[in-house]
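Working through the structure, step by step
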Amino acid sequence: MIVCRTKEELKSNLNQLRANEKSVGFVPTMGYLHEGHGSLLRLAHEANDISVLSIYVNPMQFGPNEDLDRYPRDEERDLKLAEECGTDIVFIPSNEEMYPKKPLTTVVVNGLTSQLCGATRPGHFDGVGLVVSKLFHLVKPDRAYFGMKDAQQVAVIEQIVDDLNFDIEIVPCQIVREPDGLALSSRNVYLNAEQRAGAVVLSQSLHLAEEWIKETGVTAGSLIERVKSHIGIAKEANIEYVELLHYPTLEPIEVNKYVGSITSRIILALAVKFGTTRLIDNSLLNTSGGANNV
Ligand code: AMP
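These lines cover the structure that appears in this document, whether it is placed above or below.

Backbone torsion omega between tyrosine 247 and proline 248 reads 10°, so that peptide bond is classified as cis. Inspection of the secondary structure puts proline 248 in the loop between strand 7 (237–246) and strand 8 (266–274). Notably, asparagine 20 is not glycine yet its phi reads approximately 65°, a positive angle. Secondary-structure assignment places asparagine 20 in the loop between helix 1 (7–18) and strand 2 (24–29). The backbone of tyrosine 32 sits at a positive phi, close to 50°, despite the residue not being glycine.

Structure (structure tokens):
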């Protein structure tokens, strides 16, 4: 496994390895890797000749009062996990390397970023759009792997790839969870024992919602209310949003709409704070397409 810290190193190593039309799979991350990242790295390794991981905590996607300064880091452990996953190249740039001067170009995806995390984290997806575009140009992957835990991010990146003609296949990957259902996240480390125990309500409520939509006459509004009240069971849970939207357009669903009558893909997405720790989760719901309409 080769570790590169500059764009030049990355370029020359990639050029050597890429000779003979070899395919490149890319997994961009902010590090502090866990098995969620591991699953993406393994998929990238299995489906491509060369797999590339980037570890970069991108300041441009953090708001002024967010956790940029305390974002967890452990490069040694990350490199170990990357190696176990068969990763060929790890790109770990510094801020100076990524942004030698203040960028004047923005990558703003309208429409998909005004709701969910985009509403509560203004500018977040502009930062993601810019850094992912820069990384795509540097790595030039054939495929890039993104977790559905950040389903809005997947929708945004698919849009960027379409709009800007990146010749890259975006591969959405399943959410990896702890045995009790909590989605793995680098931020789970911030939770104290009580918060960690309570955080199980996120995945529980998604699971319950999958059952509730099978009942007759469940509207979008009533489903959201039931999910909110289940999350409310956890002592420290502070709901930022619970939303039911079309996916991947992220268009709203009227509160009076019978969920069972919706034939397109829909997403139930949650963001909940435990203390200062913000957790997200979501589920793409399978509706029966009419059976539950009344
Ligand atoms: P991050 O380091 O949090 O920016 O995440 C890097 C990539 O890993 C993103 O595509 C995430 O969606 C993905 N990811 C993070 N957590 C999980 C998880 N629990 N399951 C699957 N993918 C994940």
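There's plenty left to go through after this.
Before going further, it helps to spend a moment on the site of the ligand. Surrounding the ligand, one finds 17 residues, the nearest of these being His37, Gly147, Asp150, Val176 and Leu184. Methionine 30 places a polar main-chain atom, nitrogen or oxygen, 2.9 Å from an oxygen atom of the ligand. One nitrogen or oxygen atom from the side chain of histidine 37 is found 2.9 Å from an oxygen atom belonging to the ligand. When the ligand is considered free in solution it has 490 Å² of accessible area, and contact with the protein chains removes 93% of it. For the shell around the ligand, the elements supplying multiple residues, two or more each, are strand 2, helix 2 (35–47) and strand 5 (143–147). Tallying contributions element by element places helix 2 first for the shell around the ligand, with 3 residues. A breakdown of the residues in the shell around the ligand according to their chemical character gives 8 nonpolar, 7 polar and 2 charged.

In this section: the packing of aromatic side chains. Per the stated rule, a full pass over the model turns up 5 aromatic pairs. Taking the centre distance of 6.4 Å and the plane angle of 70° together, the rings of phenylalanine 26 and phenylalanine 136 count as edge-to-face. On the criterion of sequence distance, the pair formed by phenylalanine 26 in strand 2 and phenylalanine 136 in helix 6 (residues 124–139) is long-range, its members being 110 residues apart. Judged by its relative accessible area of 0%, phenylalanine 26 falls in the buried class. Relative accessible area serves as the criterion here: at 3%, phenylalanine 136 is assigned to the buried category. With 6.3 Å between their ring centres and 75° between their planes, phenylalanine 136 and phenylalanine 146 make a pair best called edge-to-face. Remark: phenylalanine 146 occurs in strand 5 and phenylalanine 136 occurs in helix 6; sequence separation between them is 10 residues. Overall, the relative accessible area of 3% leaves phenylalanine 146 in the buried class. Here the aromatic cluster, defined as three or more aromatic residues joined through ring pairs, consists of Phe26, Phe136, Phe146 and Phe166. When the ring centre of tyrosine 190 is taken as origin, the NZ or CZ atom of arginine 70, which lies over that ring, is 4.0 Å away. Cation over ring: arginine 77 sits above tyrosine 32, and NZ or CZ is 4.6 Å from the ring centre.

Turning our attention to the nonpolar core. With 48 residues, the main nonpolar core has Val52, Phe136, Phe146, Ile157, Ile170 and Tyr247 as its most contacted residues. For this core, the leading source of residues is helix 6, giving 8 residues. With near-sequence residues (within four places) excluded, isoleucine 157 lies in contact with Val128, Val132, Phe136, Phe146 and Ile170. Among the nonpolar cores identified, the runner-up in size contains 28 residues, and Ala209, Val218, Ile224 and Ala234 belong to it.

Taken as a whole, the second largest pocket encloses approximately 210 Å³ of empty space. What lines the second largest pocket is simply Met148, Gln174, Ile175, Arg177, Ser203, Leu206, His207, Glu210, Asn282, Ser283 and Leu284. Elements supplying a minimum of two residues to the lining of the second largest pocket: helix 9 (200–212) and strand 9 (277–285). Among the elements that line the lining of the second largest pocket, the one with the most residues is helix 9, at 4 residues. Here the lining of the second largest pocket is composed, by residue class, of 4 nonpolar, 5 polar and 2 charged.

Turning next to the pattern of salt bridges. Applying the stated criterion across every chain, the model contains 13 salt bridges. Between arginine 5 and glutamate 75 there is a salt bridge, with its nearest N and O atoms 2.6 Å apart. Highlighted residues: arginine 5 in the loop between strand 1 (2–4) and helix 1 and glutamate 75 in helix 3 (residues 75–84), separated in sequence by 70 residues. Judged by its relative accessible area of 39%, arginine 5 is partly exposed.

So, how was this worked out
- Residues numbered from 1 in each chain as written.
- Predicted model: local features only at pLDDT ≥ 70, side-chain atom pairs only at ≥ 80, totals over all residues.
- Heavy atoms only, no water.
- Helix = DSSP H or I, 4+ residues; strand = E, 2+ residues; numbered from the N terminus.
- Near = heavy atom within 4 Å.
- Polar contact = N/O pair within 3.5 Å; in protein donor to acceptor, adjacent residues only side chain to side chain.
- Areas by Shrake-Rupley, 256 points an atom, 1.4 Å probe, with all protein chains shown as cover.
- Nonpolar A, V, L, I, M, F, W, Y, C, P; charged D, E, K, R; others polar.
- Phe/Tyr/Trp six-rings, centres within 6.5 Å; stacked < 30°, edge-to-face > 60°.
- Buried < 20%, exposed > 50% of the residue type's maximum accessible area, 1.4 Å probe, protein only.
- Lys NZ or Arg CZ within 6 Å of the ring centre and 35° of its normal.
- Core = buried A, V, L, I, M, F, W, Y, C linked by side-chain atoms within 4.5 Å.
- Contact = heavy atoms within 4.5 Å.
- 1 Å grid on protein atoms, 1.4 Å probe; cavity = no way out; pocket = protein on both sides within 12 Å on 5 of 7 lines; lining within 4 Å.
- Points joined across faces, edges and corners; volume = space filled by probe spheres on them.
- Salt bridge = Lys/Arg side-chain N within 4 Å of Asp/Glu carboxyl O.

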